[in-house]
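Each chain, letter by letter, is given below.
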Amino acid sequence: MELLTPDRITTQLQDWLATQKPGWRDIVVKPLDVTLGAGFSADIFFVEVDYVEDDGARNQTLVVRRQPTDLEVVFGSSLALQGKMMAALDARGDQRVPPWIGMHLESDILGLPFLVMGKVEGECAKQKPNYNLEGWLVEMTPAQRHKTFANAIAAFGSLARIDWQDGFEFLALPNLGKPGLDQYVGALEAWHKAAGKGRAMPIVDAAMAYVRENMPADAGVNVLWGDPTPSNVMFAADGSVNALIDWELAALGPAELDLAWWLYFDDLFGRRFGVTRLEGLPSKEESIVLWEQASGQTARHLDYYDIVAALRMALVAVGAFDRQVGIGNIPATNKSLNDNFMTQYLAEKLGLPVPEFGPDFVAFMKNLTPVEE
């Protein structure tokens, strides 16, 4: 991975932008924040760009994201997929995404593949510190909080109205199954196999079998955001949605999967972390109604999709465990591979013995979301 200097970034991006934006003339790139290597999945930095169009001089801030080709935070995640999704959504003009500039999937320009988008101003509901405890949502009135989350649910709920065969055919992965739930579960099975590495993971293994054996026959085929959480929404000060971000987990599947993922995280960062949800945030029942209004669909099989979401997060926990072992934070004998928040939830839902937590779990969570000992 080649280390970049601000001067090299300036030169390389100016030349590249000229090929992507032929209507921009006299392009001048000025690095604003070039702190590379800070993130796990990618380097993200900002540049300011001056240029001239036919109707006058322009200035904007761009976000540049570099990502190694051999690094996956979540199995199947992809910088190229994120770029294709953002380009397709931006081209529609009816979805709230960052302005799309372009991407380059070779390493010859910035040392790694990268994509570029317009910077979106606003606030997200952060996971650390927990948005229910600290941050701008705490300063809002209950009514404002309700409207803020309602806006986010309406924004991602509207994705269900998109015909996936109208510009989103690239999401179809026939090697994983038929478009829709079959493909989605096929991707989970591939992830489960890769993450398991032949290890016994009783709760995760049981959940994977349950998900395959209990697939609803009437599931729809929709465009999925893949990671709908409050932390991936850029909100304006008034609670309106400026943009939905992080599209690298986009997929095809029943639209209820996005709703189930939102509800899972809402519960995780409240009840299951032992935190009282902020007054005014929509309840589960209210969230479902809001989603149905935005999507034009009736939410079906949510108990099943809740298990799917929980399994997906349990697989994330497997990856987080292996990462912690790999960097020496915890020993491989730590019990949290099978005893964690995610497997606990699955065990409760599937009627399996529920894991108990101890010092191993505290050590595992120390570098993720701290918990009380």
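The structure under discussion appears in the preceding block.
No experiment lies behind these values; they were computed from the predicted model shown.

Participant: Before we go on, may I ask you to explain unusual backbone geometry in this structure?
Facilitator: Most peptide bonds take the trans form, and the phi angle of most residues other than glycine is negative. With omega at 5°, the peptide bond leading from Lys128 into Pro129 counts as cis. Examined against the element boundaries, Pro129 turns out to sit in the loop between strand S5 (114-118) and helix H3 (142-157). A positive phi is found at Asp26, a non-glycine position, where the angle reads about 55°. With respect to the helices and strands, Asp26 occurs in strand S1 (residues 25-33). With relative accessibility at 62%, the residue Asp26 sits in the exposed group.

Participant: I tried to follow the pattern of salt bridges on my own but got confused; where do I start?
Facilitator: Taken as a whole and assessed by the stated rule, the structure comprises 19 salt bridges. Its salt-bridge partner being Glu121, residue Lys119 comes within 3.9 Å of it at the nearest N-O pair. The class of Glu121 is exposed, set by a relative accessible area of 53%. In this structure, Asp306 engages Lys349 in a salt bridge whose closest nitrogen and oxygen atoms are separated by 3.7 Å. Placement of the pair is Asp306 in helix H8 (residues 302-326) and Lys349 in helix H9 (residues 341-350), with a sequence separation of 43 residues.

Participant: So what exactly am I meant to see when it comes to the nonpolar core here?
Facilitator: In this structure, Met85, Trp247 and Tyr264 are the most contacted members of the largest nonpolar core, which totals 95 residues. Considering every element that reaches this core, the biggest residue donor is H8, with 15 residues. Not counting residues within four places of it along the chain, the set of residues in contact with Trp247 comprises Leu81, Gln82, Met85, Met86, Leu89, Val97, Leu159 and Trp225. Counting 18 residues, the second largest nonpolar core, distinct from the first, contains Leu13, Leu17, Leu62 and Ile109.

Participant: How should H8 be read in this particular structure?
Facilitator: Residues three or four positions apart in an α-helix share a direction because the helix packs 3.6 residues into each turn. Across its 25 residues, H8 extends 36 Å between first and last C-alpha, which sits within 8% of the 36 Å expected from 1.5 Å per residue. H8 sits mainly inside the fold: 18 of its 25 residues count as buried.

Participant: It is not clear to me how the environment of Arg66 should be interpreted in this structure. Could you clarify?
Facilitator: Position of Arg66 among the secondary structure elements: in strand S3 (residues 56-66). Spatially, the C-alpha atom of Arg66 lies 9.5 Å from that of His104, the residues being 38 residues apart in sequence. A polar atom in the side chain of Arg66 sits 2.6 Å from the backbone oxygen of Leu110.

Participant: Please explain the packing of aromatic side chains as it appears in this structure.
Facilitator: The geometry of an aromatic ring pair comes down to the distance between the two centres and the angle between the two planes. For the coordinates displayed, the defined rule picks out 23 aromatic pairs. Here the aromatic rings of Phe156 and Trp225 are separated by 6.1 Å at their centres, their planes lie at 50°, and the arrangement is tilted. Note that Phe156 is positioned in helix H3 and Trp225 in the loop between strand S6 (222-224) and strand S7 (233-235), a separation of 69 residues in sequence. Of the residues examined, Phe156 reaches a relative accessible area of 2% and is grouped as buried. The ring centre of Phe46 lies 5.0 Å from the NZ or CZ of Lys119, which sits over that ring. For Arg272, the ring lying beneath its charged end belongs to Tyr264, and the centroid distance is 4.6 Å.

Procedures and definitions
Residues numbered from 1 in each chain as written. Predicted model: local features only at pLDDT ≥ 70, side-chain atom pairs only at ≥ 80, totals over all residues. Heavy atoms only, no water. Helix = DSSP H or I, 4+ residues; strand = E, 2+ residues; numbered from the N terminus. Buried < 20%, exposed > 50% of the residue type's maximum accessible area, 1.4 Å probe, protein only. Salt bridge = Lys/Arg side-chain N within 4 Å of Asp/Glu carboxyl O. Core = buried A, V, L, I, M, F, W, Y, C linked by side-chain atoms within 4.5 Å. Contact = heavy atoms within 4.5 Å. Expected span 1.5 Å × (residues − 1). Polar contact = N/O pair within 3.5 Å; in protein donor to acceptor, adjacent residues only side chain to side chain. Phe/Tyr/Trp six-rings, centres within 6.5 Å; stacked < 30°, edge-to-face > 60°. Lys NZ or Arg CZ within 6 Å of the ring centre and 35° of its normal.

Structural measurements only, silent on function.
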